[in-house]
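Structural overview for review
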Amino acid sequence: MEILREPAAFRDACDRARLSGHRVGLVPTMGALHPGHLSLVEAARARGATHIVVTIFVNPLQFGQGEDFDRYPRTVDQDLDACDRAGVDAVFTPIRAAMYPDGFQTTVEVGQLTAPLEGEHRQGHFRGVTTVVAKLFALTGPSVAVFGRKDYQQWKVLERMALDLDLPIEVVGAPTVREGDGLALSSRNRYLSPGERERALSLVEGLRRAWDAFAGGAREASVLREAARAPVEQETDRVDYVALRDPDTLAVVPAHVPDRVLVAAAAHVGGTRLIDNVVLGEDPRP
Ligand code: AMP
């Protein structure tokens, strides 16, 4: 497995792979890798990638004031081991100054899709995400790039960016990987104390209640939303949102919901902000 820290060397390595006939698959991450991340490597392979690149970069541009950039977990040695064991071909771990040298002043911004949900609660977050991913796309030249549906809106925003900018990249959303009890895997879960972890389960509990209500025939948005919201409201310290949205446009859904509807939640447990979601009418019960 190649480990690259310099953008130019990384680009050369990707060029060589492509020139020798490989279909390059890109999996961008911020590290602190867990089985959810590694499932994206598998998904890239399943989409026909023969040379898989993982990037590990805690991107300062996507963190707001007062967010957890400084304390975000950094476990590079374990991450490299995990990538090696997963059969990853190359890992790119640039330093901040290599991605954002002095004078850097260009950003990429996607419109409407970035306005609600995460966009409403994390000012500038998506601009940071789209900018760094555009740079990673440009350096890598992948045929396929895989993102987790755990960050559902992020996946939709990046899919839109590739479409709008005519980037010839298949943007894939891979299913959310969960612990045995349903908690969505997240690098931030390691911040949780045992008691907080227990309360964090209220997010998936809410999604399950909405899923069960939908499966039982409920189609009233207010009923589904209340089902999802109640446990989150009760167990977490602050709810950012529990919202029903169109899974493709993220627009507000009508009072009587359509056949597919996104339920997305974000809440704080202690000092940790967690998100989760399910698409009713499409996803299995979380
Ligand atoms: P992060 O390192 O948190 O920026 O995540 C990197 C990628 O892994 C993103 O595309 C995430 O959506 C994805 N990811 C994170 N957690 C999970 C999970 N539990 N299941 C599937 N994908 C995930």
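Residues numbered from 1 in each chain as written. Predicted model: local features only at pLDDT ≥ 70, side-chain atom pairs only at ≥ 80, totals over all residues. Heavy atoms only, no water.

On to the pattern of salt bridges. Enumeration according to the criterion identifies 22 salt bridges in this entry. With its nearest N and O atoms 2.8 Å apart, the salt bridge here joins Arg 45 to Glu 42. Of this pair, Arg 45 and Glu 42 both sit in helix α2 (residues 35-46), three residues apart, which is roughly one turn of the helix. Residue classification places Arg 45 among the partly exposed residues on the basis of a relative accessible area of 32%. Judged by its relative accessible area of 43%, Glu 42 is partly exposed. Residues participating in the shared-partner salt-bridge network are Glu 118, Arg 238, Asp 240 and Arg 273. (Salt bridge = Lys/Arg side-chain N within 4 Å of Asp/Glu carboxyl O. Helix = DSSP H or I, 4+ residues; strand = E, 2+ residues; numbered from the N terminus. Buried < 20%, exposed > 50% of the residue type's maximum accessible area, 1.4 Å probe, protein only.)

Inspection of the entire model under this criterion finds seven aromatic pairs. Judged by centre distance (5.8 Å) and plane angle (75°), the ring pair of Phe 63 and Tyr 72 falls under edge-to-face. Judged on exposure class, the residue Phe 63 and its partner Tyr 72 are both buried. Grouping aromatic residues by their ring pairs yields a cluster made of Phe 57, Tyr 100 and Phe 104. Here the basic side chain of Lys 156 rests over the ring of Trp 155, its NZ or CZ set 4.1 Å away from the ring centre. Above the plane of the ring of Phe 214 lies Arg 219, whose end atom (NZ or CZ) is 3.7 Å from the centre. (Phe/Tyr/Trp six-rings, centres within 6.5 Å; stacked < 30°, edge-to-face > 60°. Lys NZ or Arg CZ within 6 Å of the ring centre and 35° of its normal.)

This part covers the sheet that holds strand β6 (residues 170-174). Ordered by their spatial adjacency, six strands build an open sheet running β1-β4-β3-β2-β5-β6, and the pairing between neighbours is parallel. Both outer strands of the open sheet, β1 (2-4) and β6, are each paired with one neighbouring strand and no more. Direction aside, neighbouring strands of the sheet carry axes that sit 25° apart on average. With five bridges connecting them, strand β5 (residues 144-148) and β6 associate as parallel partners. Its bridge partner lying in β6, Ala 145 is registered against Val 171. Taken strand by strand, α2 contacts β2 (24-29), β3 (51-56), β5 and β6, and its axis lies near 145° from that of β5. Running at roughly 170° to β6, helix α7 (residues 152-164) makes contact with β5 and β6 of the sheet. (Pairing = 2+ DSSP bridges. Axes fitted to C-alpha atoms, helices over the stretch in contact; angles between N-to-C directions. Contact = heavy atoms within 4.5 Å.)

A separate point is the packing of helix α1 (residues 7-19) against helix α6 (residues 125-140). Interhelical geometry of α1 versus α6 gives an angle of 50° and a closest axis separation of 8 Å. Classified by the interaxial angle, the pair formed by α1 and α6 is oblique. Where α1 approaches α6, its residues Pro 7, Phe 10, Arg 11, Cys 14 and Arg 18 are matched on the opposing element by Ala 138, Leu 139 and Thr 140. Here the contact of α1 with α6 is built from residues that sort into five nonpolar, one polar and two charged. (Parallel < 35°, antiparallel > 145°, perpendicular 65-115°, else oblique. Nonpolar A, V, L, I, M, F, W, Y, C, P; charged D, E, K, R; others polar.)

With 42 residues, the main nonpolar core has Met 99, Val 133 and Phe 137 as its most contacted residues. Sort the elements by how many residues they give to this core and α6 lands first, with eight residues. Among residues more than four places away in sequence, those in contact with Met 99 are Phe 57, Phe 92, Pro 94, Phe 104, Val 132, Lys 135, Leu 136 and Leu 139. (Core = buried A, V, L, I, M, F, W, Y, C linked by side-chain atoms within 4.5 Å.)

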